[in-house]
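Chains, contacts and geometry: an overview
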Amino acid sequence: MYMPKAFKFGFLLVNAAFLLLPSSQAQTVKLGQAISESQLSDFDLVAGPDGSGFPSGSGTAKTGKAVFDVKCAACHAANGEGVSGNTRLVGGDIHSQGNPLRTVGSYWPHASTVFDFIRRAMPANAPKSLSNEEVYQVTAYVLFLNNIIDESTILNKESLTEIQMPNKDGFVDLSHLH
Amino acid sequence: MSEKLDRVAGNGLINRRHLLKLGLGGLGSALATNALSADAGLKLQIPQWSQQPGPGTSAYGSPSPFTSQIQRMAATPNPVYPGGGASRSPLQHLQGTITPNSLHFERHHSGVPAIDPAQHKLVINGLVDQPLMFSYEDLLKYPMVSKTYFLECSGNSGTLFGDTPVDGSVQSIHGLVSCAQWTGILLSTLLDEAGIKTQAKWVAAVGADGASMGRSVPLDKALDDVMVALYQNGEPIRPEQGYPMRLFVPGWEGNISVKWLTQLKLTRQASQFRDETSKYTDTMADRRSLQFTFPMGAKSLITSPSGQMSLPQKGVYNVTGIAWSGAGSIKKVEVSADGGRSWANATIESPQSDKALVRFSIAWQWDGGSAVLQSRATDSAGNVQPSRDAILAERGLISFYHYHGVQSWGINSAGEIKNVYA
C-alpha cells in the first residue's frame, strides 16, 4: 500500500508508543472476591470418583427403599425398571447382540456418578430436595437393585468410591487426543 | 434455452454463472423462459401500504407476520422429564451463517431457570491458589473477545444411525446446529486471577439449572479458546442459551458449553458427571465405549432443496447449504447430484473462519428425472466428511452421538424430496 513518507513515520511512532505500555495496564481488571472452601460447602455439589466432594452421612438399600418408593418410583417404577428408556435403572447387557440397555448396572463406570447425579438433579420434579443422608440411601438402593451391593451394605464417602461397577473397564478415555 | 449449459458434474450441476444469467435462485425457481415473461394483461399498481403511513418505531423488534412459519421445532414435552428436551433450528428457512437468537436450537436437562443476574454468582474453586466469586456486574467490566462459532449438539442427526431412513426435514433431522457471534471473557483470564495449582488438569463446569448440569473440560482446552460468554449476537445471552452467562467451548459437542454457568472447579481428574459417562459416550461395535469424544466432525448439509420439500417444475435451482468443522475452518464443499458418482466444488459465500458455519451454493438444472443431492465438506485439518457407510463401518449401529456423514436427499420424477440412504 502506498503511504506518504511522513505519514508512515507517524504511524510507526504511534505503534511503538503503544507497544511500550506495560502489558499489565491493559489487563488489570481483577474483580473476583476471595471466598473460602468452607463458605462453599453447601454450594459445591461436585462429588468425584476419587472421593472428593462427598458429604458426611451414610445409608443402606434397606433404608433407601422407603425413600425410593415415595420419591423415585413414580418415574423409575418400584423395581427400577422405569416407565420409558431413560428412566430405566436396572438390567441390560452391554455385550448383548441387539441394542444394549445402558443402565446404572450395565453401563455406568463409576458409583460416584450415581450419588453425584441424584444429589444434583433428582427427583426430576424437585431436584436437590433430598438430604445428603437420603441421597446415600437412594444411591445404595439403586446399586442394590442392580445386584452391585447387598441390602445392608453401608454406603458412605469411603465405601462408595471402593465399589467396582460391572462396566468399569468398558470405557476408552480419549481426552488426551484433543 | 438459448445458451449451452456449462456442466461441472453429472446429472445437472452447472456453472454458477447460469444462476445470474437466467435470473434465478432459490427453491421454486423455474426455467428462464417460464419465469421472465409476465402476463400481457398485467398492469402493475402502487400497493395499498404505499398509500398510508405505517406504525412507528417499536421498543423491541419482531419478525414480519408473513414469516411466522419460521419457528423452532420441539417434541411433545415428556411428563417424566420436566423441562427436558430439545428444539431445532429451521435450517431450511435461514440464509447466511448467523442463527437469529430466537431460532437458536435449545437443549435443556431441567428447563430454563429464571435467573436474577443480581443474585447470580460465578465461583472458581478447587485446585486454585485463591477461590473466587464473581458477580455478573463485575464480569461485565472485563476485557472481552467476540468470535463467531457454531454450536452443535452431539446428538444432532443421530437418527441417521437407524436402519431405515426417517421421513424428515433438514430441521427435524439436523436442526441441532446453530451459529452466533459470542462475546465474553476468555476463561484463561479468570483462571489466572484465581491462580491455577500445578496438580489441576480438568475444570468441572456446573450450571445453575435444576439439573446443575455438569461437564469436565480438560485444562489445556480451558486455557486455549474457551470463554465465559455473556452476549449472543450483540445482546445479553437469551435465557434458553444460559442467561446471564454460559461456558462456550468452541468446536466441541454442545453439551460441554454449560449454560447458566455458576461454578468452575479445578480438579486432578475428570469429575465423571452423568453427562460424560451415561450420556454423550459412544459405544462401538465391540461394546467398548469411547469417552470424551469432544470435537464435532467436518460436516455439511444441503438446506435447500431438502427433505419434505418438492420441486415444482424442471429448471435451474440454487442448491445451498451450510458446512462446519470442530477441527478448524471449512476449506472446500463439494456437491453431487448423482448420489456421489461425480462431484463439483460449490462456491463458499461467507468468511471461512475457524469453527463457524460457512454458506455454500451451486447451480443445478433438474431435468425431471431422479436425482440424489449430496454435499461433502473438507476442513483446514484435511478431514473429509465421511459417507454414512464409512461411519457405520467405524462406529457400528448402537452408537448415537457425533453423526457427521454425508446427507443424501433423494428426488423422484414428481419432484418430491426425501431423506434417503445412498
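Per chain, the residues get numbers from 1 upward, laid out in the order the sequence is written. Each chain gets a letter, beginning with A, and each ligand a number, beginning with 1, in the order they are written. In keeping with the model being predicted, local features are shown solely for residues with a pLDDT of at least 70 and side-chain atom pairs are shown and tallied solely at 80 or more, while totals for entire chains, interfaces and linings include all residues.

**What to know about the interface of chain A and chain B**
Any pair of residues counts as being in contact when their C-beta atoms, constructed from backbone geometry, are within 7 Å of one another. Taken together, the contact pairs 47 residues of chain A with 48 residues of chain B. For the side of chain A that touches chain B, the secondary structure elements donating two or more residues are strand E1 (33-34), helix H5 (111-121) and strand E2 (171-173) of chain A. Per the convention used, a helix needs a DSSP run of H or I reaching at least four residues, while a strand needs a run of E reaching at least two, with both numbered from the N terminus. Looking at the side of chain A that touches chain B element by element, the count peaks at six residues for H5 of chain A. Any residue that is not Ala, Val, Leu, Ile, Met, Phe, Trp, Tyr, Cys, Pro, Asp, Glu, Lys or Arg is counted as polar, Gly included; the first ten are nonpolar and the last four charged. Each residue belonging to the side of chain A that touches chain B can be placed in one class, and the counts come to 23 nonpolar, 16 polar and eight charged.

**Considering the sheet that holds strand E26 (residues 417-420) of chain B**
Residue and element names in this part refer to chain B. Pairing is antiparallel across the open sheet formed by five strands, whose spatial order is E21-E20-E24-E25-E26. Since the sheet does not close on itself, it has two edges, and those belong to strand E21 (344-345) and E26, each with one partner. Only strands that DSSP links by at least two bridges are regarded as paired with each other. As paired strands, strand E25 (residues 408-411) and E26 are joined by four bridges and run antiparallel to one another. Paired with Ile411 across the bridge in E26 is Ile417.

**A short note on the domain arrangement of chain B**
Residue and element names in this part refer to chain B. According to the domain assignment, chain B contains domain 1 (121-280) and domain 2 (299-420). Boundaries of every domain are those given by an automatic assignment or by a domain database. The C-alpha-based centres of domain 1 and domain 2 are spaced at 29 Å. Facing 22 residues of domain 1, the contacting portion of domain 2 comprises 23 residues. Of all elements in the fold, only strand E8 (145-152) and helix H4 (170-174) reach the threshold of two or more residues within the side of domain 1 that touches domain 2. Residue composition of the side of domain 1 that touches domain 2, by class: 12 nonpolar, nine polar and one charged.

**Thoughts on the sheet that holds strand E17 (residues 289-291) of chain B**
Sheets are built from strands that pair by backbone hydrogen bonding, the pairs being arranged parallel or antiparallel. The strand order across the open sheet formed by three strands is E2(A)-E17(B)-E16(B), and the pairing between neighbours is mixed. Looking at strand neighbours, the two that pair on one side only are E2 of chain A together with strand E16 (282-283) of chain B, the edges of this open sheet. Pairing of E16 of chain B with E17 of chain B, which is carried by two bridges, proceeds in the antiparallel orientation. By the bridge assignment for E17 of chain B, Thr283 of chain B is matched with Ser289 of chain B.

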